[in-house]
Amino acid sequence: INAEYMGAQMEIDSADLKKGFTEKGKANPNLIELEEGKDEIVSGEVIENEGKAGKKIAFFETLAKQSEKEEKKEPPPPPSFYQVEYYRGYFDVDTATVIRRIKKAIWPFGAESFVETEKKADLYVPIWTFITLILSMSTFGNIVHGIKAAHEKSATKVVVDFDANKIGYCTTILFFYLVINPSLFYFLLRCKGAPINFVELACLYGYSYLPFIPMSLLFVLQYPLFQIILLFGASGISLFFLYRNLGELVQQILADWMYYVKAYIVILEIVFVCLIYFKIYAQLRPSLQQSHL
């Protein structure tokens with residue numbers, strides 16, 4: 001550094017330098033205090049302090065070395081899967097994105113599939129689907145039973161006898177289909193070297209069960225044929241969504257097991273429909289059954 005050039009650019013009073021560079025009233029410990037007529041070692045170099053110019057050199061070189069050390073600091077390691085920070089990005093979605101994805105899941109017959117337009121998986125909607133299905137199926141299942149009981153007794157007033165066991169039934173069934181089933185499928189795909197992680201697979205399964213939410217609301221209409229259409233319609237949309245978004249990957253990785261995988265998914269979907277119909281909607285409580293004997 002040219003001492004004359006630095007002296008022309010900035011005049012720093014020696015008394016101020018001795019006091020130290022302050023920030024918000026506090027002394028900066030990184031500043032090297034120099035006195036006239038003494039030598040100071042900065043980064044292994046001896047700087048001769050001749051007046052104000054030498055002090056300026058030491059001051060700016062100290063700040064330069066400090067900034068170099070800060071730039072060389074390594075970024076923190078990425079969080080592990082058991083830490084909350086690992087999942088924070090999967091909940092970073094706005095309302096417009098959520099609405100667009102829900103539309104694609106409920107009506108997956110558009111020109112582009114879900115995975116073609118949505119590049120980032122999320123866990124916000126799958127968890128919301130899991131909780132909403134538990135509440136809607138258990139609540140409207142009890143309402144359906146109340147309507148059936150009133151109809152069988154030819155009553156003009158519907159009395160809903162809430163069965164809390166339905167919450168347990170719904171939670172167990174949905175936990176298997178939205179957590180355990182994707183986990184088993186993920187393990188199978190990873191054993192075959194498929195480039196997919198569990199969050200992406202859980203995201204697709206969570207969105208695939210969205211059609212059962214409006215189905216549970218419309219099931220209060222006591223028309224058997226209409227209820228069957230609702231059940232198999234929601235199941236068909238769910239299967240089509242999964243096949244369209246996972247079919248190509250399954251064909252590439254599990255080509256030899258393709259028919260077995262398809263049969264496995266279809267059979268599980270049929271079992272799911274039967275479980276929610278007979279355990280949630282069609283089964284009357286023992287007290288109600290005895291009252292009609």
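Shown above is the structure to which this text applies.
Just so it is clear, the structure is predicted and the values come from calculations on it, not from any experiment.

So, how was this worked out
Here the residue numbering is sequential within each chain, running from 1 through the sequence in written order. In keeping with the model being predicted, local features are shown solely for residues with a pLDDT of at least 70 and side-chain atom pairs are shown and tallied solely at 80 or more, while totals for entire chains, interfaces and linings include all residues. Heavy atoms from the whole structure form the basis of all side-chain values; hydrogens and water molecules are not counted. In this analysis, the protein atoms alone were mapped onto a 1 Å grid. Cavities are point sets where a 1.4 Å probe fits without being able to get out; pockets are open sets with protein on both sides within 12 Å along at least five of seven lines; lining residues have an atom within 4 Å of a point. Grid points are joined across faces, edges and corners, and a volume is the space filled by probe spheres set on the points. Going along the chain from the N terminus, every DSSP run of H or I of four or more residues is numbered as a helix, and every run of E of two or more is numbered as a strand. We call Asp, Glu, Lys and Arg charged. Ala, Val, Leu, Ile, Met, Phe, Trp, Tyr, Cys and Pro are nonpolar, and the rest, Gly among them, are polar. As used in this structure description, the phrase polar contact means that two N or O atoms lie within 3.5 Å; if the pair is within protein, one of them must be able to donate a hydrogen and the other to accept it, and residues adjacent in sequence are counted only when both atoms belong to side chains. Contacts between residues were defined by any pair of non-hydrogen atoms, one from each residue, lying within 4.5 Å. For patch building, the residue pool is restricted to those with more than 30% relative accessible area and no salt bridge; the joining distance is 9 Å between like charges and 5 Å between nonpolar side chains (Val, Leu, Ile, Met, Phe, Trp, Tyr). Residue exposure ignores everything except the shown protein chains as possible cover, and the areas themselves are Shrake-Rupley values with a 1.4 Å probe. Salt bridges are defined by distance alone: a side-chain nitrogen of Lys or Arg within 4 Å of a carboxyl oxygen of Asp or Glu. Throughout this description, buried means an accessible area under 20% of the type-specific maximum (1.4 Å probe, protein chains only), exposed means over 50%, and partly exposed covers the range between. Among buried residues, those of type Ala, Val, Leu, Ile, Met, Phe, Trp, Tyr and Cys that are joined through side-chain atoms within 4.5 Å constitute a nonpolar core. An axis is simply a line fitted to the C-alpha atoms; with a helix, the fit covers only the stretch in contact. Between two such axes, the angle follows the N-to-C directions and lies from 0 to 180 degrees. Orientation categories follow fixed angle ranges, with anything under 35 degrees roughly parallel, anything over 145 roughly antiparallel, 65 to 115 roughly perpendicular, and all other angles oblique. For Phe, Tyr and Trp, where Trp contributes only its six-membered ring, two rings pair if their centres lie within 6.5 Å, and the inter-plane angle classes them as stacked under 30 degrees, edge-to-face over 60, or tilted in between. The criterion is that NZ of a Lys, or CZ of an Arg, lies within 6 Å of the ring centre and within 35 degrees of the ring normal, and then a charge sits over that ring.

### A look at the layout of surface pockets
Then, in step 1: Each pocket or cavity is described by its volume, and for the largest pocket that value is around 450 Å³.
Then, in step 2: Taken together, 19 residues make up the lining of the largest pocket; nearest its centre are Val115, Ile196, Glu200, Leu204 and Asn245.
Then, in step 3: At the level of elements, helix H6 (114-117), helix H9 (198-208) and helix H11 (224-253) are the ones that each hand at least two residues to the lining of the largest pocket.
Then, in step 4: Residue contributions to the lining of the largest pocket peak at 6 residues, all from H11.
Then, in step 5: For the lining of the largest pocket, the residue count by class is 9 nonpolar, 3 polar and 7 charged.
Then, in step 6: Lining the second largest pocket are 14 residues; nearest its centre among them are Leu123, Leu178, Phe198, Val199 and Ala202.

### Structural notes on the environment of Ile147
Then, in step 1: You can see Ile147 is positioned in helix H7 (residues 124-152).
Then, in step 2: Sequence separation of Ile147 and Gln222 is 75 residues, and the distance between their C-alpha atoms is 8.2 Å.

### Some words on the side chain of Asp122
Then, in step 1: Mapped onto the elements, Asp122 comes out in the loop between H6 and H7.
Then, in step 2: Looking at Asp122, its side chain comes within polar contact range of the main-chain nitrogen of Val125, at 3.1 Å.
Then, in step 3: Looking at Asp122, its side chain comes within polar contact range of the side chain of Tyr207, at 2.8 Å.

### Brief notes about the side chain of Arg101
Then, in step 1: Mapped onto the elements, Arg101 comes out in helix H5 (residues 95-106).
Then, in step 2: Side-chain polar atoms of Arg101 contact the side chain of Asp122, separated by 2.5 Å.
Then, in step 3: Not counting residues up to four positions away in its chain, the partners in contact with Arg101 are Val93, Phe114, Glu118, Lys120, Ala121, Asp122 and Tyr207.

### Some words on a nonpolar patch on the surface
Then, in step 1: Residues Phe175, Phe176, Val179, Ile180, Leu184 and Tyr264 make up a contiguous nonpolar surface patch of roughly 480 Å² in combined accessible area.
Then, in step 2: In terms of residues, the nonpolar patch owes the most to one element, helix H8 (residues 165-191), which gives 5 residues.
Then, in step 3: Overall, the relative accessible area of 33% leaves Ile180 in the partly exposed class.

### Side note on the nonpolar core
Then, in step 1: Among the nonpolar cores identified, the biggest contains 51 residues, and Met137, Phe185, Phe212, Leu246 and Phe272 are the most heavily contacted of them.
Then, in step 2: Secondary-structure elements contributing two or more residues to this core are H5, H7, H8, H9, helix H10 (212-218), H11 and helix H12 (258-281).
Then, in step 3: Element by element, the count of residues in this core is highest for H12, at 9 residues.
Then, in step 4: When sequence neighbours within four positions are dropped, the list of residues in contact with Met137 reads Cys170, Phe212, Ser216, Phe272, Ile276, Ile280 and Tyr281.

### Describing the packing of H8 against H12
Then, in step 1: Between H8 and H12, whose axes approach to 10 Å, the crossing angle comes to 170°. When the axes of H8 and H12 are compared, the pair comes out roughly antiparallel. Counted together, Lys166, Tyr169, Cys170, Ile173, Leu174, Phe176, Tyr177, Asn181, Leu184 and Phe185 of H8 and Val261, Tyr264, Leu268, Val271, Phe272, Leu275, Lys279 and Ile280 of H12 form the full contact between these two elements.
Then, in step 2: Across the contact of H8 with H12, the residue classes tally to 15 nonpolar, 1 polar and 2 charged.

### Some points on the packing of aromatic side chains
Then, in step 1: Per the counting criterion, the structure on display carries 14 aromatic pairs.
Then, in step 2: Judged by centre distance (5.9 Å) and plane angle (75°), the rings of Tyr186 and Phe198 are edge-to-face. With Tyr186 in helix H8 and Phe198 in helix H9, the pair connects residues that are 12 residues apart, well separated along the chain.
Then, in step 3: Look at Phe219 and Tyr277: their rings are 6.2 Å apart centre to centre, the planes differ by 70°, and that puts the pair in the edge-to-face class. Linking Phe219 in the loop between H10 and H11 with Tyr277 in helix H12, this pair joins segments that are 58 residues apart in sequence.
Then, in step 4: We classify Phe219 as buried; its relative accessible area is 1%.
Then, in step 5: Accessibility expressed as a relative area gives 25% for Tyr277, which makes it partly exposed.
Then, in step 6: Joined through ring pairs, the aromatic side chains of Phe176, Tyr177, Tyr209, Phe212 and Phe272 make up one cluster.
Then, in step 7: Here the guanidinium or amino end of Lys279 rests over the ring plane of Tyr169, the centre of that ring lying 4.5 Å away.

### Here we look at H9
Given 3.6 residues per helical turn, the α-helix brings residues three or four places apart onto the same face.
Then, in step 1: Of all 11 residues making up H9, 9 are buried, and the element is well covered by its neighbours.
Then, in step 2: When H9 is considered as a whole, its buried residues turn out to be Val199, Leu201, Ala202, Cys203, Leu204, Tyr205, Gly206, Tyr207 and Ser208.
Then, in step 3: Where H9 begins, the side chain of Asn197 points an oxygen toward the backbone nitrogen of Val199, at a separation of 3.2 Å.

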